[in-house]
Amino acid sequence: MIAPYRPSIYGGIVCGIAGIVSMSRPDPALVRRMCDVMRHRGPDGAGFHDDGRAVLGMRRLAIIDVATGDQPVYSEDERVVAVFNGEIYNFPELREELTKRGHRLRSTGDSECLVHLYEEYGADLVHHLRGMFAFAIWDRDRERLILARDRVGKKPLYWRVDHESIHFASELKSLAQDPAMSRELDLQALHHYLSFRYVPAPQSIYRDVRKLPPGHVLVWERGQVSVSRYWRLDHAPRPVADENEELERVRELLLEATRIRMVSERPLGAFLSGGIDSSAVVAAMAMQSSAPVKTFCVGFEDSWYDERHKARMVATKYGTDHHEFVVTSSLVEVLPRLAWHFDEPFADSSSIPSFYVAEMSRQHVTVVLNGDGGDECFGGYQRYALMDRAGKLPGIPSPIAAVSGRLGTHIMNKSRFGTFPQRLGRLMRFVGEQPAHRYASLMSCFTREQKLRVYSDALRRELAHVDSYQLFTEIFQDSSAVTEVGRVQDVDTLTYLPGDLLVKVDITTMANSLEARSPFLDHHLMEWAATVPSALKVRNLQTKLLLKRAVAPWLPEELLHYPKRGFGVPLATWLRRELRELVHDTLTDDTARGRGLFDPVAVRDLIRQHMAGTDHSERLWALLQFELWHRAHNVPSSPAGTEDLCPVP
């Protein structure tokens, strides 16, 4: 009782899934439209089979098992069927185990393992998977749908319930192909977006659509939905007797996690930013590759943000086939494209260099490895050191804390990112707050007060009592960590990593038909690293101590002593110069004012103050990205839009 959308003959890794399961007869044509809008469009010639109960579909990017990996995949009796987006790295071991248990596998890849694992373990099959995935499994006899997402959220999955039907897709714009879906904004999601630059799961920007959180399984059975968590890191520290053994274990885990991610039938390379994490991954690849590793790096005309020289050190040491691209400020063309590719408003400006490096890399390879997750696993962010130091300070009286916060905010706004005054301002701003709010304020784009000032009267009344920081408070309270550093790592693993970093990488790579793999996000490595005592990661304002010592033999010594700058862009300068007219025209025209969401006077004041020298770049960028997203996805004559039709302001 399954109506699969037949894929192209090329098979391979699925780039997106879509489906409808209904107690009445679903519309196969709707799933066809949902699939057609996905970013990767398979070759012509695919067909439909419909038995009137369930419709599943997908689009593919072929990486492994190119010859025989067609989807959907079926059990021997065709009572269980699955579609799958991502990759399972331990599929050789799973295939061997399933064969011993009597299952007959028709293909040679990873996708078919899902249906047979379901037959053996039901929804608990997720515990046997090592990789990145979002999948749907339909059990015909039980009329049961299983949706699942990988542990850390590498692959996206949206869903909504409509009467007796459930709709799901890898892309929100695919669900929006259904004219019955409400396009009403979730105002609380907008409120959270302005704090964090992304919409945190399980909410989406649309009121009636949800995101399945990472590490969760959804079961839909005869009209009833249940969602449950199957994985969360345990940050309780373990005793460490010999630090040298810990260093060796880091190297072993990283080498193995890298090795299993180098399996590909397509050309393979790596993003190389010059930071410790991506450099360590490239080193691990080079030590296990018989040919030079292809590496890709982006830089900027502004020398403060340009770190290509660091990447060249590693490229030279390992003799990589190195490629570079310089990001200029000619962004007017790429911004609407990004607004269309991102299904929700997204205000991490590093998506721009991420898109460019993916576009460049795709000219040479189909798969890239990256260093994502190294900071979350091993304590790499400077904010971790600040939280560690602030946690050791004595309590500060409330009046002094309030003055410190206001002065710190002023210093931050007047200081350049990454400088000592900017870091000092950060410290002053949050030392008097409770730990969860300290960290939330560090991670915020708009503070609560700044949001309320920029809202229209109606939106202010609607959201005045909604606390975006409550999300962090709940994670702090539930965390098994015993230190401030451990708790903020827990927060990042559940919020910033899946909501920002992994969304950015998935969207910008998939938009260019490129697959990204992250050795540091191997759950075996993550589970081990989570139990390393915080003092071995962050101490005396030094970060990533254990990892730096572990990979020191692999990397140029000079690289280990560079301060971490992240993947920043000269945003404040761009907004004052080349993007000045775009910001003003887009945020103050009749279309933006007509939405009734923001106070036009407050928005103009932000623009004026920024142009006069106060740094409001992050806040203006968040407002700009929301408006560009709205125009790209909410055009009445084109409910979902296409990249070609995406309006350019």
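Residues numbered from 1 in each chain as written. Predicted model: local features only at pLDDT ≥ 70, side-chain atom pairs only at ≥ 80, totals over all residues. Heavy atoms only, no water.

**Considering the packing of aromatic side chains**
- With the rule as written, the count across this model stands at 14 aromatic pairs.
- Taking 6.3 Å as the distance between ring centres and 70° as the angle between the ring planes, the aromatic pair formed by Phe355 and Tyr356 counts as edge-to-face.
- Among the residues examined, Phe355 registers a relative accessible area of 1% and is labelled buried.
- Grouping aromatic residues by their ring pairs yields a cluster made of Tyr206, Tyr455, Phe598, Phe626 and Trp629.
- Above the ring of Tyr318, the side-chain terminus of Lys317 is found at 5.7 Å from the ring centroid. (Phe/Tyr/Trp six-rings, centres within 6.5 Å; stacked < 30°, edge-to-face > 60°. Buried < 20%, exposed > 50% of the residue type's maximum accessible area, 1.4 Å probe, protein only. Lys NZ or Arg CZ within 6 Å of the ring centre and 35° of its normal.)

**Describing the pattern of salt bridges**
- Evaluation of the coordinates by the stated rule reveals 43 salt bridges.
- Measuring nitrogen to oxygen at the nearest pair gives 2.6 Å for the salt bridge that ties Arg160 to Asp178. With Arg160 in strand β8 (residues 158-162) and Asp178 in the loop between α4 (172-175) and α5 (187-196), this residue pair connects regions lying 18 residues apart in the sequence.
- Taking relative accessible area as the criterion, Arg160 reaches 5% and is therefore assigned buried.
- Asp375 is the partner of Lys544 in a salt bridge, and the nearest nitrogen-oxygen pair spans 2.8 Å. Within this pair, whereas Lys544 is found in the loop between α21 (523-530) and α22 (545-551), its partner Asp375 is found in helix α11 (residues 374-378), the two being separated by 169 residues in sequence.
- Exposure remark for Lys544: the relative accessible area of 4% places this residue in the buried category.
- Overall, Asp375 belongs to the buried group, its relative accessible area being 7%. (Salt bridge = Lys/Arg side-chain N within 4 Å of Asp/Glu carboxyl O. Helix = DSSP H or I, 4+ residues; strand = E, 2+ residues; numbered from the N terminus.)

**Regarding a nonpolar patch on the surface**
- Together, Val161, Val225 and Val227 give the surface a local cluster of nonpolar side chains, amounting to about 190 Å² of exposed area.
- Val225 sits in the partly exposed class, given a relative accessible area of 33%. (Patch = residues over 30% accessible without salt bridge, like charges linked within 9 Å, V, L, I, M, F, W, Y side chains within 5 Å. Areas by Shrake-Rupley, 256 points an atom, 1.4 Å probe, with all protein chains shown as cover.)

**Comments concerning the pairing of strand β6 (residues 131-139)**
- Among the nine residues of β6, nine are classified as buried, and the element is accordingly described as predominantly covered.
- Along β6, one buried face is formed by Gly131, Phe133, Phe135, Ile137 and Asp139 and the opposite face, lined by Met132, Ala134, Ala136 and Trp138, is buried too.
- Bridge count between strand β5 (residues 80-88) and β6: nine bridges; the pairing is antiparallel. Looking across to β6, one finds that Asn85 is bridged to Ala134.
- Sheet topology places β6 next to strand β7 (residues 144-149); six bridges connect them, and they run antiparallel. (Pairing = 2+ DSSP bridges.)

**A word on the side chain of Lys154**
- You can see Lys154 is positioned in the loop between β7 and β8.
- Asp372 provides the closest opposite charge to the buried, unpaired Lys154, separated from it by 5.3 Å.
- A polar atom in the side chain of Lys154 sits 2.9 Å from the side chain of Ser518. (Lys, Arg positive; Asp, Glu negative; His and termini not counted. Polar contact = N/O pair within 3.5 Å; in protein donor to acceptor, adjacent residues only side chain to side chain.)

**Looking at the environment of Leu147**
- As for its position among the elements, Leu147 is in strand β7.
- Sequence separation between Leu147 and Leu212 is 65 residues, and the spatial gap between their C-alpha atoms is 8.4 Å.
- Sequence-distant contacts of Leu147, defined by excluding residues within four places in its chain, comprise Phe135, Ala136, Leu157, Trp159, Ile166, Phe168, Leu212, His216, Val217 and Leu218. (Contact = heavy atoms within 4.5 Å.)

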